Amino acid sequence: MSILVEDVMRAMEHLAPLPLAEEWDNPGLQVGDPVAEVRGILTCLDVSEAAIAEAEQVGANLIVSHHPLIFHAQKSVRADNPLGRMMLQLIGKGIAVYSAHTNLDIAVGGVNDVLAEAVGLRKLSAFVITQQDENGHVESLGRVGTLPAPMTIQDFAAQVRAGLPCDHLRYVDAGPRPVRKVALCSGSGAEFIERAARLGADCYLTGDVRYHDAQHAAALGIHLIDAGHFATEYPIAHALAEYLHQELPDVRVYEDKVARDFFQTL
Ligand SMILES: [Zn+2]
């Protein structure tokens, strides 16, 4: 039985419904024909020329990414700018792109749940509420969870590093407070430090933290871990591959294994 791009879209929207997305976001099919037959799927964090080459190499004609390929209206598609070049490559090679962004951050089983599990949190609950229905059911960006036993910030930071694809991270040690309750937001969530502190979290885990964010956390008395935008989100590529393989067993699904954080350290 042949699987079409729209079948994969349906499976993705079952996991991460489009109405969960933030208003400014652009999730959904970015490039391609909804009724084209899918010969293989590559899951990744970012669409890049390397990911397109990887898809072509394994024979995948659909890329499922977390970060959308296209965010803003384009007035031209030209090979002399990076986005235009990728779009031309995708169209030329007949490779479609589907992205699930903030809807996948928020969805149960999405980026934040995968992150929480990777760093050892349990009993997860909502963090930053994005929607609430009349029955009191909420959707949230990020999660709050607890560790099975309290640990020092140094030990928790080491556990985070071990659980994520990063070989270093930065953290703020806000004093002797043990870490038991942890709030987190994958990617870029420094704006929620104060909210995490107000919820009584001992530690807040996110990426893209700036100096004054760290200063603010220290002043609030909450430990802060910046494990990086890449490391807090890249595990979703593996989770998506597993999910799609389960939902669509007739399609070959590959996960991007060549992506690396853009940042290097020395
Ligand atoms: Zn991101």
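Residues numbered from 1 in each chain as written. Predicted model: local features only at pLDDT ≥ 70, side-chain atom pairs only at ≥ 80, totals over all residues. Heavy atoms only, no water.

Peer 1: I'd love a proper account of the packing of helix α1 (residues 5-15) against helix α10 (residues 235-247), names of residues and values included.
Peer 2: Packing of α1 against α10 brings their axes to within 11 Å, and their N-to-C directions diverge by 120 degrees. Overall, the two elements α1 and α10 adopt an arrangement that is oblique. Seen along the crossing, α1 lies across α10 with a hand that is right-handed. In contact with Val 8, Ala 11, Met 12, His 14 and Leu 15 of α1, α10 contributes Leu 240, Tyr 243, Leu 244 and Glu 247. Grouping the constituent residues of the contact of α1 with α10 by class yields 7 nonpolar, 1 polar and 1 charged. (Axes fitted to C-alpha atoms, helices over the stretch in contact; angles between N-to-C directions. Helix = DSSP H or I, 4+ residues; strand = E, 2+ residues; numbered from the N terminus. Parallel < 35°, antiparallel > 145°, perpendicular 65-115°, else oblique. Left-handed = near helix turned anticlockwise from the far one by under 90°. Contact = heavy atoms within 4.5 Å. Nonpolar A, V, L, I, M, F, W, Y, C, P; charged D, E, K, R; others polar.)

Peer 1: Break down the layout of surface pockets for me, with residues and values.
Peer 2: Taken as a whole, the largest pocket holds about 470 Å³ of empty space. What lines the largest pocket is a set of 18 residues, and nearest its centre among them are His 168, Gly 228, Asp 261, Phe 263 and Thr 265. Across the lining of the largest pocket, the residue classes break down as 7 nonpolar, 5 polar and 6 charged. Lining the second largest pocket are 16 residues, and of these Trp 24, Thr 102, Asp 105, Leu 141 and Ser 188 lie nearest its centre. Among the secondary structure elements, those contributing two or more residues to the lining of the second largest pocket are α4 (102-106) and α9 (229-233). Grouping the constituent residues of the lining of the second largest pocket by class yields 4 nonpolar, 8 polar and 4 charged. Counting residues domain by domain, the lining of the second largest pocket receives three or more from each of domain 1 (5-101 + 236-255) and domain 2 (105-232). (1 Å grid on protein atoms, 1.4 Å probe; cavity = no way out; pocket = protein on both sides within 12 Å on 5 of 7 lines; lining within 4 Å. Points joined across faces, edges and corners; volume = space filled by probe spheres on them. Domains from an automatic or database assignment.)

Peer 1: Describe the sheet that holds strand β9 (residues 203-206), listing the residues and the values that go with them.
Peer 2: Spatial strand order, β5-β6-β8-β9-β10-β7: 6 strands in an open sheet with mixed pairing. Both outer strands of the open sheet, β5 (122-132) and β7 (170-172), are each paired with one neighbouring strand and no more. Within the sheet, the average angular offset between the axes of one strand and its neighbour, ignoring direction, is 20 degrees. Bridge analysis of strand β8 (residues 179-184) against β9 gives 3 bridges, and the strand direction is parallel. The residue bridging Val 182 from the neighbouring strand is Cys 203, located in β9. (Pairing = 2+ DSSP bridges.)

Peer 1: Can you explain the packing of helix α2 (residues 49-58) against helix α3 (residues 82-93)? Please cite residues and give values.
Peer 2: The interhelical angle for the contact between α2 and α3, taken along N-to-C directions, is 10 degrees, at an axis separation of 10 Å. Relative to α3, α2 is oriented roughly parallel. Across the interface between the two elements, Glu 49, Ile 52 and Glu 56 from α2 touch Arg 85, Met 86, Gln 89, Leu 90 and Lys 93 from α3. Class assignment of the residues belonging to the contact of α2 with α3 gives a composition of 3 nonpolar, 1 polar and 4 charged.

Peer 1: Now, about the sheet that holds strand β2 (residues 41-44): what can you tell me, with residues and values included?
Peer 2: Here 5 strands make up an open sheet; going across it, the order is β1-β4-β3-β2-β11 and the pairing mixed. Unpaired on one side and paired on the other, β1 (28-31) and β11 (253-255) mark the two borders of the sheet. Averaged over all adjacent pairs, the angle separating strand axes in this sheet is 25 degrees, with direction ignored. In the sheet, β2 pairs with strand β3 (residues 62-65) via 4 bridges, with the strands oriented parallel. Pairing of Leu 42 across the sheet is with Ile 63, part of β3. Packed onto the sheet, α1 meets β1, β2, β3 and β4 (96-99) and runs at close to 10 degrees relative to β4.

In short, geometric facts, not functional conclusions.
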